Number of protein chains: 2
Amino acid sequence: MARWEPGARERIVVAAVDLFTEQGYDDTTVAQIAERAGITKSTFFRHFPDKRELLAAGQETLSRLLAEGIADAPAGASPLEAVAAGLTRASDEMGPTNRELGPRISAAVAASTELQERAVLKNVGLAAAMTEALLARGTTDPVAHLAAELGVLAFKRGFAEWSEGDRDGTDHLAPYTLAALADLRAASSSLG
Amino acid sequence: MARWEPGARERIVVAAVDLFTEQGYDDTTVAQIAERAGITKSTFFRHFPDKRELLAAGQETLSRLLAEGIADAPAGASPLEAVAAGLTRASDEMGPTNRELGPRISAAVAASTELQERAVLKNVGLAAAMTEALLARGTTDPVAHLAAELGVLAFKRGFAEWSEGDRDGTDHLAPYTLAALADLRAASSSLG
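Definitions and limits used
- Residues numbered from 1 in each chain as written.
- Chains lettered and ligands numbered in written order.
- Predicted model: local features only at pLDDT ≥ 70, side-chain atom pairs only at ≥ 80, totals over all residues.
- Heavy atoms only, no water.
- Least-squares fit on C-alpha atoms with pLDDT ≥ 70 in both.
- Patch = residues over 30% accessible without salt bridge, like charges linked within 9 Å, V, L, I, M, F, W, Y side chains within 5 Å.
- Areas by Shrake-Rupley, 256 points an atom, 1.4 Å probe, with all protein chains shown as cover.
- Salt bridge = Lys/Arg side-chain N within 4 Å of Asp/Glu carboxyl O.
- Lys, Arg positive; Asp, Glu negative; His and termini not counted.
- Charge placed at Lys NZ, Arg CZ, Asp CG, Glu CD.
- Helix = DSSP H or I, 4+ residues; strand = E, 2+ residues; numbered from the N terminus.
- Contact = heavy atoms within 4.5 Å.
- Polar contact = N/O pair within 3.5 Å; in protein donor to acceptor, adjacent residues only side chain to side chain.
- Nonpolar A, V, L, I, M, F, W, Y, C, P; charged D, E, K, R; others polar.
- Expected span 1.5 Å × (residues − 1).
- Bend = angle between axes of the 7 residues up to and from the residue.
- Buried < 20%, exposed > 50% of the residue type's maximum accessible area, 1.4 Å probe, protein only.

Looking at an unreviewed UniProt entry, one finds chain A named TetR/AcrR family transcriptional regulator, with Nocardioides luti as its source organism.

This is the structure in structure tokens:
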């Protein structure tokens, strides 16, 4: 989740995910992560408040990218077209490291209640950022809220398919998140 | 949130919400809650694992009611009609105590990060219960997921309006949650 912050920050995330995979989240200490990443504990704490926040590393950046994409969508764009612009902006920042780490992060999260809670809060933060960006361009509530929820679901589903599927497809995440958004849009007309 | 579990359980919740309002969530201890409710600490712990779980008291019951209402909806009901049946079932269990405590619980939650996190996780639990009930009646994914999200939003919005508004309207919650669902349904056709 840290492609946009290379160097120490990315090394910390990779080392942590390796250790979570090998020995579990609960049994992994900050000292072990720092050692594996080749940094000191105080360098770790300059980047992250604790190990729980580590996997949320990219959240603020991701929220910012989604919101910027929505804000920059053409004035006449519908709510879901604006969400699609946000997904494209954020997806284009995701590279090979994100793709490779994705399934291992999912495995670590699935094995830890604490990380599951963090992941849930992260999704809520993304939805809030998108809702705010939509309201700022004049989308009314509850349409903005709903469009943002669809955006989070589309990002999650698209990212999972991209990172967990085989590597034959495109290297780019955007086609996956946009296809997921189109599926959800179609689903919204089957609600009855 | 505890109308269906009268007696000690409801007294504990009322006492806790009073204390949270008076002195804040962080500064309130289990011992103080027990004293105010006229019970022992060990009685408290027979009902709740800790003070954080206290406001989630009704979650399991609420999830069960929503899911039962969905399961019992007529076979030909659309996904949103089934969600409406779930909302009706759950709303009909909410009485004056829930209505009176609602705004004070909201105030306590707004003042505490810990309680906000718990509230977010609670909403996710409700959505999961509704999604599962919809999938069980043959609604496909992602329609089930989307309908469940609308159901949670409708319950939250309807409950807030019912408990925070004046007391001139109906005593029943169901008209509020169903109106909120209708609004969200209308919004889903404006997504573009």
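Next comes the rest of the account.
1. With respect to the relation of the copies chain A and chain B
For the pair of chain copies, the relating transformation is a rotation about an axis with a translation along it. Mapping chain A onto chain B calls for a screw motion: a turn of 180 degrees about the axis and a shift of 0.0 Å along it, with 0.0 Å RMSD after fitting. What the rotation and shift describe, once combined, is the action of a two-fold rotation axis. Among all residues of chain A, the one whose C-alpha sits closest to the rotation axis is A:Ser188, at a distance of 3.2 Å.

2. Focus on a negative patch on the surface
A cluster of acidic residues, A:Asp26, A:Asp27, A:Asp50 and A:Glu114, forms a negative patch at the surface. Locating A:Asp26 in the fold gives a position in the loop between α1 (8–23) and α2 (30–37).

3. Digging into the interface of chain A and chain B
Every contact between the two is made by 26 residues of chain A and, on the other side, 26 residues of chain B. With a closest N to O distance of 3.6 Å, B:Glu117 and A:Arg52 form a salt bridge. Taken together, the links from chain A to chain B amount to eight residue pairs in polar contact (both at pLDDT 80 or more). Of all elements in the fold, only α6 (79–91), α8 (113–136), α9 (143–164) and α10 (174–188) of chain A reach the threshold of two or more residues within the side of chain A that touches chain B. At eight residues, α9(A) tops the list of elements feeding residues into the side of chain A that touches chain B. Class assignment of the residues belonging to the side of chain A that touches chain B gives a composition of 14 nonpolar, five polar and seven charged.

4. Concerning helix α7 (residues 96–110) of chain A
Residue and element names in this part refer to chain A. Helix length check: α7, at 15 residues, gives a terminal C-alpha distance of 22 Å against a target of 21 Å (1.5 Å per residue), a fit within 8%. The largest bend in α7 comes to about 35 degrees, at Gly102, with the proline Pro103 one to four residues further on. Those residues of α7 that sit buried are Asn98, Arg99, Leu101, Gly102, Ile105, Ala108 and Val109. On its buried side, α7 packs onto α1, α8, α9 and α10.

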